[in-house]
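# Coordinate inspection notes
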Amino acid sequence: MMGVVFLLWSAALETGMKEVDDQHKELFRQIDTLLDAGNANRFREVLDFLDGYIVKHFTDEQKLHARSKYPKASEHKAYHDNYVVIFRKLKAKYIAEGPSAVNNMEINKSVAGWLKEHILVHDREFAAYYKSL
Ligand SMILES: [Fe+2]
C-alpha cells in the first residue's frame, strides 16, 4: 500500500524557515515510510527512527524559540512534550501489534494529523513572530 501523507504536504504548511520546513518534510516522509512498512521489523525500525527525529526536531525548534526570545516558548514546548507522550504510547501499541490498515488509519489521524495541526497553528504563529523581529 502506498503512503499518502507526503502527497498531502502543501504550501500552507511552509513556515518560510528553511531548516524547520526541511525537518517537517522529513517527518512527513518518514510517516509515509511508516505507512508503507510491509513487515513488523521495518515498522519498528521506522518508529524508532521517528522517535529520535521528533525529539531532535522539537529540540531544534525550541533552541530557535529561546534564541529569538519567543514569548510563547514554554507554551509551545508543552505541546511538543505532550506529543512525545502521545507518540510513545502509540509506538508501544504499534510495536506490539505490527502494521495494519487500522493502525495506518490512526497514524494518519493521530501521528500525522497532530503534526499538521501543530505546524499550521503553532509553528506558523512562531514563524510570523520570527519574521517580525
Ligand atoms: Fe513546533
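The text that follows walks through the structure, step by step, so that each part is easy to find. Model, not experiment: these values are computed from the prediction.

Parameters at a glance
Residues numbered from 1 in each chain as written. Predicted model: local features only at pLDDT ≥ 70, side-chain atom pairs only at ≥ 80, totals over all residues. Heavy atoms only, no water. Phe/Tyr/Trp six-rings, centres within 6.5 Å; stacked < 30°, edge-to-face > 60°. Helix = DSSP H or I, 4+ residues; strand = E, 2+ residues; numbered from the N terminus. Donors = N, O, S within 2.8 Å, 3.2 Å for Na, K, Ca; no water. Buried < 20%, exposed > 50% of the residue type's maximum accessible area, 1.4 Å probe, protein only. Contact = heavy atoms within 4.5 Å.

Attention now goes to the packing of aromatic side chains. Summed over all chains, the structure comprises 9 aromatic pairs. A ring pair is formed by F126 and Y130, whose centres lie 5.6 Å apart and whose planes are at 45°; its orientation type is tilted. A residue pair is termed a helical-turn pair when its members lie 3 or 4 positions apart in one helix, as F126 and Y130 do in helix α4 (residues 101-132) at 4 residues. What links up through ring pairs into an aromatic cluster is the set Y70, F126, Y129 and Y130.

A separate point is the coordination of the iron ion. Surrounding the iron ion are the protein donor atoms E61 (OE), H76 (NE2), H80 (NE2), H118 (NE2) and D123 (OD), at 2.1 to 2.3 Å. Read N to C, the donor residues that coordinate the iron ion are spaced as E-x14-H-x3-H-x37-H-x4-D. Here E61 is found in helix α2 (residues 40-67), whereas its partner H118 is found in helix α4, with 57 residues between them in sequence. H118 carries the same exposure label as E61, and that label is buried.

Let us now look at the environment of Y94. Inspection of the secondary structure assignment puts Y94 in helix α3 (residues 73-97). On the basis of relative accessible area, Y94 is assigned to the buried category, the value being 1%. In this structure, the C-alpha to C-alpha distance between Y94 and A127, residues 33 residues apart in sequence, is 33 Å. Once you skip the residues sitting within four places of it in the chain, Y94 turns out to touch F43, L47, N103, E106, I107 and V111.

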